[in-house]
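Examining the three-dimensional arrangement
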Amino acid sequence: MCGFAGVVREDGRGVQPKMLGRMGAAVRHRGPDGYGFYLGQRVGLVHVRLSVIDLEGGAQPLTNERGDVIVVFNGEIYNYVELRQQLKAMGHQFRTQSDTEVLVHGYEQWGEALLEQLNGQFAFAIYDRRAEQVLLARDRFGIRPLFYAQLPGSLYFGSEIKALLASGAIGTRPDPRGLDQVFTFWGAIPPRTVFEGIQSMEPGCYAVHRNGQLSIRRYYEPAYASGRYEASDALEQLDDLMRSSVALRMRADVPVGGYLSGGLDSSLVCSLARQVTGSDLRTFSVTFDDPALDERVAQGSIAQALGSEHVSRHVALDEIRECFATAVWHLETPVLRTSPVPLILLSRLARQHGIMVVLTGVGADEVFWGYDLLKEVAVRRFCLRQPDSKIRPLLFDRLYPYLARDPRSATQWRKFFLGAGAADDPLFSHQPRMNLATWIRGFYAAGFSEALGEVDTAEELRSRLPGEFARWSALEQASYLELVTLLSPYLLSSQGDRVAMAHGVETRMPFLDHRVFEFAAALPERSKLQGLREKAILRRWAKDIVPPSVENRPKQPYRAPDVPAFFDHGAPEYVADALSETAIANAGVWDSESVCGLVRRCEAGRPMGVREGQALVGILSTQLWYRAFVEDTSTPCSLSVSGADVTIYDDAALQAGGGERNG
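Residues numbered from 1 in each chain as written. Predicted model: local features only at pLDDT ≥ 70, side-chain atom pairs only at ≥ 80, totals over all residues. Heavy atoms only, no water.

Re helix H27 (residues 592–603)
Our working rule: Each helix is a run of H or I in the DSSP string that is no shorter than four residues. Each strand is a run of E no shorter than two, and both are numbered from the N terminus. Each residue after the first adds 1.5 Å to the expected span of a helix. Classification of residues uses two cut-offs on accessible area relative to the type maximum, computed with a 1.4 Å probe and protein chains only: under 20% is buried, over 50% is exposed, and between them is partly exposed. Two residues form a contact once any of their heavy atoms are found within 4.5 Å.
A rise of 1.5 Å per residue sets the reference length of H27, with its 12 residues, at 16 Å; its end C-alpha atoms lie 16 Å apart and thus fit the reference within 8%. The set of residues buried in H27 consists of Val595, Gly597, Leu598, Val599 and Cys602. Those residues of H27 hidden inside the fold are in contact with helix H24 (563–567), helix H26 (581–587) and helix H28 (610–631).

Remarks on the nonpolar core
Soluble, globular proteins show a tendency: their nonpolar side chains are buried together. Operational definition: Residues belong to one nonpolar core when they are buried, are Ala, Val, Leu, Ile, Met, Phe, Trp, Tyr or Cys, and are joined through side-chain atoms within 4.5 Å.
Formed by 193 residues in total, the largest nonpolar core has its most connected members in Phe124, Phe368 and Trp590. In terms of residues, this core owes the most to one element, H28, which gives 10 residues. Apart from residues lying up to four places away in sequence, Phe124 is in contact with Phe4, Val71, Val72, Phe73, Leu103, Leu114, Leu115, Leu118, Leu135, Leu136, Ala137 and Leu146. Listed in part, the 22 residues of the second largest apolar core include Phe4, Leu146, Leu155 and Phe157.

Focus: helix H5 (residues 176–185)
Among the 10 residues of H5, 9 are classified as buried, and the element is accordingly described as predominantly covered. Restricting attention to buried positions, one finds in H5 the residues Pro176, Gly178, Leu179, Asp180, Gln181, Val182, Phe183, Thr184 and Phe185. Contacts made by the buried residues of H5 are with helix H15 (431–437), helix H16 (446–452), helix H17 (457–463), helix H18 (474–491) and H28.

Thoughts on the side chain of Glu366
To keep it simple, the criterion reads: Just so you know, the count uses Lys and Arg for positive and Asp and Glu for negative, and it drops His and the chain ends. Between Lys or Arg on one side and Asp or Glu on the other, a salt bridge is scored when a side-chain nitrogen of the former is within 4 Å of a carboxyl oxygen of the latter.
Along the chain, Glu366 turns up in helix H11 (residues 364–368). Buried charge without a salt bridge: Glu366, with Arg433 as the nearest opposite-charge side chain at an N-O distance of 7.8 Å.

Topic: the state of the cysteines
Our working definition: Two cysteine sulfur atoms make up a disulfide if the distance between them is within 2.5 Å.
For the structure shown, the criterion picks out 0 disulfides. Unpaired in this structure, Cys602 has its nearest cysteine sulfur neighbour in Cys596, at a distance of 12 Å. Judged by its relative accessible area of 4%, Cys602 is buried.

Points about the sheet that holds strand E8 (residues 147–151)
The cut-off we apply is this: Paired strands, in this sense, are two strands between which DSSP finds at least two bridges. Here the axes come from fitting lines to C-alpha atoms, over the contacting stretch only for helices, and the angles between their N-to-C directions go from 0 to 180 degrees.
The strand order across the open sheet built from 7 strands is E10-E8-E9-E1-E3-E2-E18, with neighbouring strands paired in mixed fashion. Lying at the two open borders of the sheet, with one neighbouring strand each, are strand E10 (199–200) and strand E18 (646–649). Across the face of the sheet, helix H1 (residues 17–26) comes into contact with strand E1 (2–9), strand E2 (34–39), strand E3 (43–49) and strand E9 (154–158) while running at roughly 150° to E1.

Examining the pairing of strand E15 (residues 309–314)
Condition: Crossover handedness is defined by viewing with both strands directed away from the observer: a clockwise path from the first strand over the helix to the second marks the crossover as right-handed.
Judged from the 6 bridges that link them, strand E14 (residues 282–287) and E15 form a sheet pairing that is parallel. In the strand pairing of E15, Thr283 is matched with His310. For the handedness criterion, the β-α-β arrangement of E14, helix H8 (residues 296–306) and E15 is classed as right-handed.

A few points about the confidence of the model for the protein
Stated formally: The predictor attaches a confidence to each residue, called pLDDT, with possible values from 0 through 100.
Confidence in the prediction of the protein, expressed as mean pLDDT, is 92, and 98% of residues score 70 or more. Here residues 654–663 scores under 50 on pLDDT; set against residues more than four positions off or in separate chains, the count is 17 contacts.

Things to note about the sheet that holds strand E12 (residues 213–218)
The pairing of strands in a sheet comes from backbone hydrogen bonds and takes either a parallel or an antiparallel form. In spatial order, the strands read E4-E5-E6-E7-E11-E12; together these 6 strands make up an open sheet with antiparallel pairing. At either end of the open sheet lies a strand with only one pairing partner, and these are strand E4 (62–63) and E12. For strand E7 (residues 133–138) and strand E11 (residues 205–210), the ladder comprises 5 bridges, and the chain directions are antiparallel. Looking at the pairing, Leu136 lines up with Ala207 of E11.

Overview of the pattern of salt bridges
The final tally for this structure, using the stated rule, is 39 salt bridges. Notably, a salt bridge pairs Asp497 with Arg144, separated by 2.7 Å at the nearest N-O pair. Here Arg144 lies in the loop between E7 and E8 and Asp497 lies in helix H19 (residues 493–501), a separation of 353 residues in the sequence. The exposure class assigned to Arg144 is buried, which follows from its relative accessible area of 1%.

Thoughts on unusual backbone geometry
Gln60 connects to Pro61 through a cis peptide bond whose omega is 0°. As for its position among the elements, Pro61 is in the loop between E3 and E4. Following Pro190, the chain continues into Pro191 via a peptide bond in cis, with omega recorded as 15°. Of note, the phi angle at Asn211 is positive, near 55°, even though the residue is not glycine. Among the structural elements, Asn211 can be located in the loop between E11 and E12. Unusually for a residue other than glycine, Lys535 sits at a positive phi of about 50°. As for its placement among the helices and strands, Lys535 is situated in the loop between helix H21 (525–528) and helix H22 (536–542). With relative accessibility at 2%, the residue Lys535 sits in the buried group.

Quick word on the packing of helix H9 (residues 317–331) against H28
Let me state the cut-off plainly: Any angle that falls under 35 degrees is termed roughly parallel, while one over 145 is termed roughly antiparallel, one within 65 to 115 roughly perpendicular, and all others oblique. Left-handed describes a crossing whose near helix is turned anticlockwise from the far helix by less than a right angle; the clockwise case is right-handed. Residue classes follow a fixed rule: Ala, Val, Leu, Ile, Met, Phe, Trp, Tyr, Cys and Pro count as nonpolar, while Asp, Glu, Lys and Arg count as charged, and any other residue, Gly among them, counts as polar.
Contact geometry of H9 with H28 gives a least axis separation of 9 Å together with a crossing angle of 65°. One element, H9, and the other, H28, form an angle in the roughly perpendicular class. Judged by the sense of rotation from one axis to the other, the crossing of H9 with H28 is right-handed. In this structure, H9 contributes Phe324, Ala325, Val328 and Trp329 to the contact, and H28 contributes Val617, Leu620, Ser621, Leu624, Trp625, Ala628 and Phe629. Tallied by class, residues from the contact of H9 with H28 come to 10 nonpolar, 1 polar and no charged.

So, the packing of aromatic side chains
Inclusion rule: Note on aromatic contacts: the rings of Phe and Tyr and the six-membered ring of Trp form a pair at centre separations within 6.5 Å, being stacked when their planes are under 30 degrees apart, edge-to-face when over 60 apart, and tilted otherwise. Comment: the charge-over-ring label is applied if NZ (Lys) or CZ (Arg) is within 6 Å of the ring centre and within 35 degrees of the ring normal.
Applying the stated rule across the entire model yields 27 aromatic pairs. Judged by centre distance (5.1 Å) and plane angle (55°), the rings of Phe183 and Trp590 are tilted. One end of the pair, Phe183, is in helix H5; the other, Trp590, is in the loop between H26 and H27, and 407 residues separate them in sequence. Summarising the burial analysis for this pair, Phe183 and Trp590 share the class buried. With 5.3 Å between their ring centres and 15° between their planes, Tyr400 and Phe417 make a pair best called stacked. Of this pair, Tyr400 sits in the loop between helix H13 (395–399) and helix H14 (407–418) while Phe417 sits in helix H14, and the two are 17 residues apart along the sequence. The residues Tyr400 and Phe417 share a single accessibility class, namely buried. Here the basic side chain of Arg392 rests over the ring of Phe382, its NZ or CZ set 3.7 Å away from the ring centre. The ring of Trp369 carries the charged tip of Lys528 above its face, separated from the ring centre by 3.9 Å.

What follows is the structure in structure tokens.
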């Protein structure tokens, strides 16, 4: 796992090494083990490396034998061993043992069709000097990030937005539409970001830049084709797929550990990983003071059953507030939850124990329908078939028992769910979440609302749904929307890549192997959601893998303390500064009077509901984001060419610069 950045210039005047060095320095946390450059007349590339495979020979940028195909790569190609053998049989010669070299020779052999051959999590850039074009690509589900910006005559790209900003050529203007998407869906949906003029490559897409034109194309689209019957050998198929997926993701030249939340998904992954290694497995988790959030008992139980070397990290309220600003810098976006902070501390814990690669259970809820939202869709539709029923709405109390403790509150929540949206709305499944999140819009400043104009964020999403969406069932539609609105924009970014790579830790997700997704998408719906029992087939399969206490344990969503973390002993100085009337006015997103009212309620210790908690975190993180990326215009020191592990020049740049060709 690594980071990279690059620039394409149409005028052939070359790319300044110092600028590339700044771009690389901005993402050095992603690759602390080394760095390298490609310096050409039209294209410049910089790469920072986290050494996981072929520790000695995998430095980048990497070229083919003739030096006319150059790659920088962030991620892992899990089936690189098999592809390597296939390409060698076709006559390709390999100089390294790295998975990166498979991209070079695979591109030579198959061109853009290489992407269909890959099983992995990746973002990469390939400069083809023969065709004078650059190929940018991102994996199927968006596990690894890739951003780009186009200026007249130039293209800038990188693993993180801060790399583009470090170039000095890209402005830092907020994008009101991107921010509005964050407050609606929890994340800006690719290709939009919260920065005007900077775009995110959509998952399953690639781009070709040639003759000054950037063409975006799709090579993978999640699709559903639920069968009527479950195959008699479905459990055997699932077992084979998951064991294969975990085994592929154990490929590394460094030890591989696991994140163990205590739930079913991470327990399954860690159990299979333990079987693959046949030896000790290191596992890691976080704990909290609040018993409603803490899972230490379940974590300890499964760790003991696994025989793993388990380490947990207790996260106190003061640590959340102390780390929150740093988290926002890594995330590059406002957020509505504090959940990324404990995960940054978790990645630090893994790194401190010598582990830089970990397996996680992320993706199981999307693939095998583990979210309450899917059950919520089924209950809402069941109730709407008999709108006058007094009994059917009581199912919400079973679905959300913590909301049913207060009878008055329970009645209000039932009305909220049943009145959230029309059943024929393509976004029916997500209307409750959107309505809950968009309560924060009441805090918008008048000028910000004017900048948004008549933009309808939900309608924008409706207009971009795939053509076959209307043919899918209500649950399939809900599952797809989870992939595009939550998984990639938020979970794989703010709770995935960014928090792990903050400390140079690579996360791998066996449930997001595309073969596993396609298997699950073809199952009958009842194989995944059986009544109100989520992940039905996964639980049946789990009987032979994890203890019964884990298999039957109800799902506990991962959450972290929010409002109390910032106001338990009074607001810390940076919170007061960020939420001051002056700071609010400077950012121009929020109405200062409304924010002051919310802060007074927080300071008074009044009970805060879900909506107010999200609003407080969203407003505070926006202010911290604005300060870090808009007000702070400083740039990092440049990585020097002389200190690089590899520096590659094209012939014209070599003659012009008098440099040497290394690597």
